[in-house]
Amino acid sequence: NPGFCDLSGFDFSEKLAYILHMSFLYYPNALYTSKDFATGQVTQAPVVQKNVGGRFNPGNFGTYRIVLELPEGQTYGISSYSAMYSQRLFINGTEYPSVGTPGETAEDTVPKTTHYTVYFTPETAETKVVIQFANLYYADYGGILPAYIGTQDKIIARDAMAQQRVCLMAGCIFAGFLFSLGIFVFFRKRHSFFWFSLICLMTGLRIMAIEEKAIMLLIPNLPWALSIGLEYISLIMLVFSFLMYINSMFPGALCRAVLWALGALCAVYTTVVLLTPPIIYTRYIVYYECITALFGIYVVTTLLYHTMYKKLNLQVEHHPVF
């Protein structure tokens, strides 16, 4: 049933439960607490998200609620990304550390996102989870994200594995950055090494900024606007560096006008990201992705044609003439 999840028969000794955001009841345009539900202050009818198709737009702020039926006598953990882009969490009437501050206006809201894990021990068969969210600083849908629920040891193991995976990926990529940059220092004319090192750097930064929000673990006080700007600038520079790398590896294959056009696009969007708040520049990411996708199609098509053309020339050049 919507708003209720029976996990009494779930094998927590072997697996983690994965609760989708659509399993929650949603109360739009209201910031309720556990006390409001317990004292009957909530008179608004909730939205059942299973009846909505595609992406669900929850509006600027609201409250999610679900009742979990869990086996008693164990300590459980909830591991997830915080609601976009601020969150207050209540479990069985107890408020846990918030991520930012949800509010009904931009002035009352403090945005922040991170990956969080909290632990609780149910005293009854039913565990009531209430999550507030507010999104007034980002031009995209807000709301909560799916969550893992499991026993304390399993959640600790999941988080450790996820963080190790992110650190391993980022560490290998940053090593590639240092290696390629070192080669470029000794061979200055080989610009492909410089652009490849920049690709590695931007990829590593983007992984740290997105996956498990690892950058927030390293820099807990990093301002939210700066972390979002880092995500966007790393993507812009990654696209530009990749195109320049292709151009340096295949000289003359790409039209110079195309390079200048993409460079101008990246420069303009980077300037917008640096000079405007997230609520403005995040509106244009879809257009940027569509345009860069067209550039990607052009690059692939050009390289295929260029490669086939060179092979054709090679065949003609070595074909015996009688």
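The following paragraphs examine the structure supplied in this document. Small disclaimer: the values here were computed from a predicted structure and weren't measured.

Overview of the overall build of the chain
In terms of helices and strands, the chain carries 8 helices and 11 strands. Here the C-alpha radius of gyration of the chain, 25 Å, is well above what a compact globule of 322 residues would show, namely 20 Å. Overall, the chain is about 95 × 45 × 40 Å in size when its C-alpha atoms are taken along their principal axes. Relative to its 322 residues, the chain shows a buried fraction of 42%. Once local pairs closer than 6 in sequence are excluded, the contacts in the chain between residues at least 24 apart make up 78%. Accessible surface for the chain amounts to roughly 17,500 Å². Of this, 64% is attributable to carbon and sulfur atoms.

A word on the layout of surface pockets
It is a probe the size of a water molecule, rolled over the atoms, that shows where empty space is left. Computed from the structure, the largest pocket encloses a volume of approximately 460 Å³. Around the largest pocket sit 21 residues that line it, and Y85, Y138, D140, E231 and Y232 are the ones nearest its centre. Here the lining of the largest pocket takes 4 residues from helix α5 (residues 224–249), the largest share from any one element. In terms of residue class, the lining of the largest pocket is made up of 12 nonpolar, 3 polar and 6 charged.

A closer look at empty space enclosed by the protein
What the rule picks out here adds up to 1 cavity of 30 Å³ or more. There is about 110 Å³ of room inside the largest cavity. In terms of lining residues, the largest cavity is bounded by 17 residues, among which F24, I78, Y116, I131 and A147 are the most central. If you list the elements that add at least two residues to the lining of the largest cavity, you get β5 (61–69), β6 (76–81), β10 (126–134) and β11 (147–151). Ranked by the residues each element gives to the lining of the largest cavity, the list is headed by β6, at 3 residues.

Observations concerning the pairing of β10
Burial of β10 is extensive: 7 of the 9 residues sit out of reach of the surface. Strand direction decides the pairing type here: β5 and β10, joined by 9 bridges, are antiparallel. Residue T63 lies in a different strand from β10, and its bridge partner there is Q132. Both strand β7 (residues 87–91) and β10 contribute to a ladder of 5 bridges, which runs antiparallel. When the sheet's bridge partners are listed, Q87 is paired in β10 with F133.

Description of the sheet that holds strand β2 (residues 17–19)
A sheet is described by the order of its strands in space; here 4 strands give the open sequence β2-β11-β6-β9, paired in antiparallel fashion. Bordering the open sheet on either side are β2 and β9 (115–120), each of which pairs with just one other strand. For this sheet the average axis-to-axis angle between neighbouring strands, irrespective of direction, equals 20 degrees. Sheet topology places β6 next to β9; 6 bridges connect them, and they run antiparallel. Among the inter-strand pairings, G77 is bridged to a residue of β9, identified as Y119.

So, a nonpolar patch on the surface
Where nonpolar side chains cluster on the molecular surface, the patch consists of Y18, L20, M22 and Y148 and spans about 350 Å² of accessible area. As for its position among the elements, Y18 is in strand β2.

Focus on the side chain of D36
The topology assignment puts D36 in helix α1 (residues 34–38). Here D36 occupies a buried position and makes no salt bridge, while the nearest side chain of opposite charge, K35, is found at 7.3 Å. Of note is the side chain of D36, whose polar atom sits 2.9 Å from the backbone nitrogen of T33. Setting aside its immediate chain neighbours within four residues, D36 contacts L31, Q41 and V42.

What about the pairing of strand β8 (residues 94–99)?
Both β7 and β8 contribute to a ladder of 4 bridges, which runs antiparallel. Looking at β8, one finds that L89 is bridged to Y96. Once β7 ends, the chain turns through 2 residues before running back antiparallel as β8, passing N92 with a positive phi of about 50 degrees.

Quick notes on the side chain of T151
By secondary structure assignment, the location of T151 is in strand β11. Among residues more than four places away in sequence, those in contact with T151 are F12, Q74, T75, Y76 and G77.

Quick look at the nonpolar core
Y232 and Y269 are the most contacted members of the largest nonpolar core, which has 29 residues in total. Counting residues per element, the ones that place at least two in this core are α3 (191–210), α5, α6 (256–275) and α8 (285–318). The element that contributes the greatest number of residues to this core is α5, accounting for 9 residues. When residues no more than four places from it in sequence are discounted, the contact partners of Y232 are Y138, R206, Y269, V273, Y281, T282 and I285. Core analysis: the second largest hydrophobic core is formed by 26 residues, Y26, I91, Y116 and V129 among them.

Parameters at a glance
Residues numbered from 1 in each chain as written. Predicted model: local features only at pLDDT ≥ 70, side-chain atom pairs only at ≥ 80, totals over all residues. Heavy atoms only, no water. Helix = DSSP H or I, 4+ residues; strand = E, 2+ residues; numbered from the N terminus. Rg over C-alpha atoms; globule rule 2.2 N^0.38 Å. Buried < 20%, exposed > 50% of the residue type's maximum accessible area, 1.4 Å probe, protein only. Contact = heavy atoms within 4.5 Å. Areas by Shrake-Rupley, 256 points an atom, 1.4 Å probe, with all protein chains shown as cover. 1 Å grid on protein atoms, 1.4 Å probe; cavity = no way out; pocket = protein on both sides within 12 Å on 5 of 7 lines; lining within 4 Å. Points joined across faces, edges and corners; volume = space filled by probe spheres on them. Nonpolar A, V, L, I, M, F, W, Y, C, P; charged D, E, K, R; others polar. Pairing = 2+ DSSP bridges. Axes fitted to C-alpha atoms, helices over the stretch in contact; angles between N-to-C directions. Patch = residues over 30% accessible without salt bridge, like charges linked within 9 Å, V, L, I, M, F, W, Y side chains within 5 Å. Salt bridge = Lys/Arg side-chain N within 4 Å of Asp/Glu carboxyl O. Lys, Arg positive; Asp, Glu negative; His and termini not counted. Polar contact = N/O pair within 3.5 Å; in protein donor to acceptor, adjacent residues only side chain to side chain. Core = buried A, V, L, I, M, F, W, Y, C linked by side-chain atoms within 4.5 Å.

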